[in-house]
Structure formats: C-alpha cells, structure tokens
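What follows is each chain in one-letter form.
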Amino acid sequence: MTTTTDLDFAAREALRLLGPDPENWVSDRSGIDHNVTIVGGSGSGSTFAFALRRAGIGRVTVIDEALDEAHAGVWLTRARMKKLRTPKNLPGPELGIPALSFQAWYEARHGVEAYAAIDRIPRVAWAEYLRWYRHFLGIPVRYQTKLVRIEPDANFFRLHLEVNGVAQVETTRKIIFANGVAGTGGPNIPPVLASLPRTLYAHTADKIDFNNLRGKTVAVLGAAASAFDAAGVALESGAKAVHLFARRPAIASLPVNRLRGYPGAYYNYPQLPDAARWFQAWRFNQVGSTPPPDAIERVIAFSNFHLHLSAPWKSAHNQGDIASSLR
C-alpha cells in the first residue's frame, strides 16, 4: 500500500489517467480573439473553462470585474449564509471525476469522518475548494476586466471592455455568462424605495458594511433565504433591532426547486420546451423561495428579531437619515 503526504495525490492520479487535454480542434479565424469568453471567474465560470478544455475547445478566456481572486464571486463577499443551501452530494465542478469533487478535497484535508459529520457544505470551505479547483487545474482568470457592452456582428461578438480602467475591444465567437445576479438582469429594487436616498437601503446583492448598522433599527424587505441571512448578520453585528417584512401570510415552506433535485431533472432540463421551463420559473416565483431551517434558527435566537407577515410596504419616506414606511 502506498502512502503519501500529498493531499492532491488522488486528484493528480485522476488527471494522469484521463490523459492529456485534447488539442484545440476549432480552426482559427482572422480577426477573432477568442473562441469563447466566459464572464465570471468563480465556480460556474471555472467549471465551464475546465469542461471546454476537456472538450478540446481552445482560445477560451475568463474575465471578471473583481479586483482579485479574494473579491470574485459571492462566497467571500455577498453570500452571508453559514452553510450552502443545497445538499452536499449534488454533482458539481468535478464533472464526473470523483477525485476533483468537494468530498474528495475535503476528506483529503479533514478526514472521512469530518465529511460525514457535515449536513451541508460550510460556505467558507466551499470558497476554499473553488480556489483550490482553479489553481490545481490551472484556470487563468483575468481580473479587473469588466464587460461594458456587447456588439453583435455577422458571425461573432465585439466585446467592449474596461481592463484595469482602460477601454479595450475584443472579439469572440461565443459568450457564457457565469456572473450570478448581474447576469440575470441585476438586483430587483422594489419601486416603493425609489424615492429614498441610496444611502438608506441596499440590496442583498450589494456589499454591505454591517458594522455601520450597530445600534440601529434595521428593516429587511422579503422573506427568502438571503433576507434571513442578511437579518442574521445584522443581528450578529449588533443591530438594535431587526424587523423582517413578508408580503405573504406565511413563510414559504414548499421547496419547488428542490423537488427536482435528482440527476434526471438536472441532466435533461435543457431539453425541456421553453414553455415548461418558463412555467417552472413562474411557479417558483408564485410559491416563493424557502429559507433553510438553520437560517430561521439563526435569527430567532435573538429576542430583538421581529417577523411581520402579510406586511407589504405601500410607501416609504425619508426623514433625515431615517426611512419610515406605510404598510
């Protein structure tokens, strides 16, 4: 039996047995800089880059507007849950290669029993795993590279970028958006807040300095998982009180999305007709997003947390540096 202190021994062996990456089979075209441009260099972007490499598609570039790796993605910036909301054994960036999975990475560092003991993946551990994944697989990400505008041409796209603050134009055949909320149209700010100064509110997709909320009364609009996460951090940061307002008469408890959390649904979802997928999205929106039990337990541990059901905001007003509302 061979022993090794190399924590990545199994992952290295897996790559060795897979063999070298295929040569790029996509023919070059004059005037085209990239075959594929991936926007977003965190988990999804890195996974796409590895998948394309293994498919023999070269000239792939990954861009991210973040300052550096530590500020890219949501896991160490805007994500505030203590554990991921999905089951720990869902297929992920490993792309069917067990030695590249989170479980293999975690067990190599903490042991088999430690992995068995966690019910869901700790958020910070997931961020560490994704960093390892990028570095181990040698996936370069061009940070401080912001996509400003996409200009379609006959058979390619012209990308207008800001690279380290300098305007630059590049061309690409295909674009993959892997940039989270920003890639789905951006945060949705309720119209009721439109008259308030931007300094009085923030979306959970924003970078929020929760230390500035110490000693203050905070209102949270919404009752999905991210709302409870933000309320939890505000309470842990010393807020005087946190009031969470929900439009519905009860917290959503039917996990519509999780009901399809099996391989058949994941692998065949792209083949569903547009109408079926649109109905699923509509149904999910009607039922509402379910916060996990630990997110609820996190806030009700504080006596200064207050939940308001059937309490939509009808208007909001600025009173100096204070916002008041009518429900």
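None of these values were measured; they are calculated from a predicted model.

### Observations regarding the sheet that holds strand β4 (residues 157-163)
Two strands in a sheet stick together by hydrogen bonds in their backbones, pointing the same way (parallel) or opposite ways (antiparallel). Taking strand neighbours across the sheet as the criterion, the five strands line up as β2-β1-β5-β4-β3 in an open arrangement whose pairing is mixed. Edge strands, defined here as strands with exactly one partner in the open sheet, are β2 (60-63) and β3 (145-152). For this sheet the average axis-to-axis angle between neighbouring strands, irrespective of direction, equals 45 degrees. Direction of pairing for strand β1 (residues 34-39) relative to strand β5 (residues 166-177): parallel, over a ladder of five bridges. Across the sheet, V39 pairs through a bridge with F177, a residue of β5.

### Remarks on the packing of aromatic side chains
Counted under the stated rule, the structure contains 16 aromatic pairs. Judged by centre distance (5.0 Å) and plane angle (15 degrees), the rings of W132 and F136 are stacked. Of the two residues, W132 and F136 both sit in helix α5 (residues 123-137), four residues apart, roughly one turn of that helix. No difference in accessibility class separates W132 from F136, as the two residues are buried. Put simply, the rings of F50, F102, W105, Y106, Y115, W126, Y129, W132, Y133 and F136 pair up and form one aromatic cluster. One Lys or Arg, K88, reaches over the ring of Y115 and ends 4.2 Å from the middle of that ring.

### So, the pairing of β4
Pairing of β3 with β4, which is carried by seven bridges, proceeds in the antiparallel orientation. For P152, the partnering residue across the bridge sits in β4 and is F157. If you look at the hairpin formed by β3 and β4, you'll find four residues sitting between the two strands. Where β4 meets β5, seven bridges bridge the pair, whose relative direction is antiparallel.

Rules of the game
- Residues numbered from 1 in each chain as written.
- Predicted model: local features only at pLDDT ≥ 70, side-chain atom pairs only at ≥ 80, totals over all residues.
- Heavy atoms only, no water.
- Pairing = 2+ DSSP bridges.
- Helix = DSSP H or I, 4+ residues; strand = E, 2+ residues; numbered from the N terminus.
- Axes fitted to C-alpha atoms, helices over the stretch in contact; angles between N-to-C directions.
- Phe/Tyr/Trp six-rings, centres within 6.5 Å; stacked < 30°, edge-to-face > 60°.
- Buried < 20%, exposed > 50% of the residue type's maximum accessible area, 1.4 Å probe, protein only.
- Lys NZ or Arg CZ within 6 Å of the ring centre and 35° of its normal.

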